[in-house]
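Residues per chain, in single letters:
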Amino acid sequence: MTDSTGKPISIRNVSKTYQSASGTSVVALEPVNLEIEAGEFVVIVGPSGCGKSTLLNILAGFSQPTSGEAVVGESRITAPDIDRGMVFQSYALFPWLNVIENVEFGLERKGVSRAERRVIALEYLRSVGLADFAGKQVNELSGGMKQRVAIARAFATEPSVILMDEPFGALDALTRRHLQRQLLQICQAHRRTIVFITHSVPEAIFLADRILVMTASPGKIKASIRINAPHPRQASSAELREIEQDLLDQLDEELVKTFALEGR
C-alpha cells in the first residue's frame, strides 16, 4: 500500500459574497490570506455563521470564491477532487453499501483493483478498530462507529488533504474523546494536511498544531495560535489552560459582535 503525504495549502485573497433571497449581497468571507504547511493539523474556531464552513467548502471545491484562489500543492482548486477527502458531521455513508464497501468506494473510483482495495479498506478499518465489522450494514452501527467508518473512508484513498466539518459534533462526550484519540493515532501513522472545524475549544486544543480564530460575520482570520505541546496533551497543564483562556476571550468578543448584529 503506497502512502502519500500531505500537501501545503495556499489561500490567496479569498472572499465570498452571496445573493440573499431579497436580492441583497451578503458578505460571508472578507479576503482571507492563509498558508497551511504540508502535514499540518489546523483547527478553525469561530462563532456560528462566521464563514468557517464557507471556507471549508471552497477548499473542498464545492463552492467557488467570489475573488481570490485556493491552491493545494501546485493545483488551483476549481472542483471536488479525490485528493481532498471530506468528513462531515452527518457521516454521509451510503446505506446501500456495507461497512467495507463504503470504505472501498473512493478506491473503486480511483481504479484500484478489487483485491487491492479490499486489503487497503481492511487496513484502515483496523486502524479505527472496526475490522470485525467489515461486513455489517451501516444501519447496524452506532453514531460513533459510523463516524469511524467515515474517517477510514477519507484516509483510505490516501488524499493529501482531509477536510473535517465538525465531525464529532453529534457525538456524546466519551465517544468524542475516544475518536479524537483515534484520529490523532491515524494522523501520526498517515501524515496528512488536516483542516478541521469545531465549536469546541477543548477539542481544538487537544488536536491542533495551530488554531485559527475567525471573526463574526463577515468572516476573516482574527488570530493564529500555534500549540507546541506534545501529544498526548493534558488539558490541566498551565500552558494549555492559558491558551484556552485566550481562545475563550477572543471568541467572547466575537459573540458579542454576533449578538449585536442580530439585535439581541
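Residues numbered from 1 in each chain as written. Predicted model: local features only at pLDDT ≥ 70, side-chain atom pairs only at ≥ 80, totals over all residues. Heavy atoms only, no water.

Asks: Would you take a moment to explain the nonpolar core for this structure?
Replies: Phe155, Leu183, Phe196 and Leu247 are the most contacted members of the largest nonpolar core, which totals 55 residues. Considering every element that reaches this core, the biggest residue donor is helix H4 (residues 143–156), with 8 residues. Apart from residues lying up to four places away in sequence, leucine 183 is in contact with Phe41, Ile151, Phe155, Met164, Phe168 and Phe196. Formed by 25 residues, the second largest nonpolar core is a distinct cluster that contains Ile44, Cys50, Val72 and Leu212. (Core = buried A, V, L, I, M, F, W, Y, C linked by side-chain atoms within 4.5 Å. Buried < 20%, exposed > 50% of the residue type's maximum accessible area, 1.4 Å probe, protein only. Helix = DSSP H or I, 4+ residues; strand = E, 2+ residues; numbered from the N terminus. Contact = heavy atoms within 4.5 Å.)

Asks: I would appreciate a short explanation of the packing of aromatic side chains in the present structure.
Replies: Any two aromatic rings considered together are summarised by their centre-to-centre distance and by the angle between their planes. This structure, assessed with the given rule, holds 5 aromatic pairs. Ring geometry for phenylalanine 62 against phenylalanine 88: centres 6.4 Å apart, planes inclined by 15 degrees, an arrangement best described as stacked. Of the two residues, phenylalanine 62 is situated in the loop between helix H1 (52–60) and strand E4 (67–72) and phenylalanine 88 in strand E6 (residues 84–88); the sequence distance between them amounts to 26 residues. Among the residues examined, phenylalanine 88 registers a relative accessible area of 28% and is labelled partly exposed. (Phe/Tyr/Trp six-rings, centres within 6.5 Å; stacked < 30°, edge-to-face > 60°.)

Asks: Can you walk me through the side chain of threonine 193 in this structure?
Replies: Within the secondary structure, threonine 193 is located in strand E8 (residues 193–197). For threonine 193, a relative accessible area of 0% corresponds to the buried category. Side-chain polar atoms of threonine 193 contact the backbone nitrogen of glycine 39, separated by 2.9 Å. If near-sequence neighbours (up to four positions away) are discounted, threonine 193 is found in contact with Gly6, Lys7, Ile9, Ile36, Glu37, Ala38, Gly39, Glu40, Ser160, Val161 and Ile162. (Polar contact = N/O pair within 3.5 Å; in protein donor to acceptor, adjacent residues only side chain to side chain.)

Asks: Looking at this structure, how should I read the packing of helix H3 (residues 114–127) against H4?
Replies: Any two packed helices are characterised by the angle at which their axes cross and by the distance between the axes. Packing of H3 against H4 leaves a shortest axis separation of 9 Å and a crossing angle of 135 degrees. In this view, H3 runs oblique relative to H4, as classed from their interaxial angle. Seen along the crossing, H3 lies across H4 with a hand that is right-handed. Each of Ile120, Tyr124 and Leu125 in H3 lies in contact with H4, whose residues at this interface are Ala152, Phe155 and Ala156. (Axes fitted to C-alpha atoms, helices over the stretch in contact; angles between N-to-C directions. Parallel < 35°, antiparallel > 145°, perpendicular 65-115°, else oblique. Left-handed = near helix turned anticlockwise from the far one by under 90°.)

Asks: In this structure, what is going on with the pattern of salt bridges? I would like to understand it.
Replies: Where charged atoms from two side chains of opposite charge come close, those side chains can pair. If you walk through the whole model with that rule in mind, you get 12 salt bridges. Among the ionic pairs, glutamate 253 bridges to lysine 222, the shortest N-O distance being 2.7 Å. Note that glutamate 253 is positioned in helix H7 (residues 238–261) and lysine 222 in strand E10 (residues 221–226), a separation of 31 residues in sequence. Take glutamate 253: its relative accessible area is 46%, and that puts it in the partly exposed class. What you see here is one network of salt bridges that share partners, running through Arg12, Glu69 and Arg76. (Salt bridge = Lys/Arg side-chain N within 4 Å of Asp/Glu carboxyl O.)

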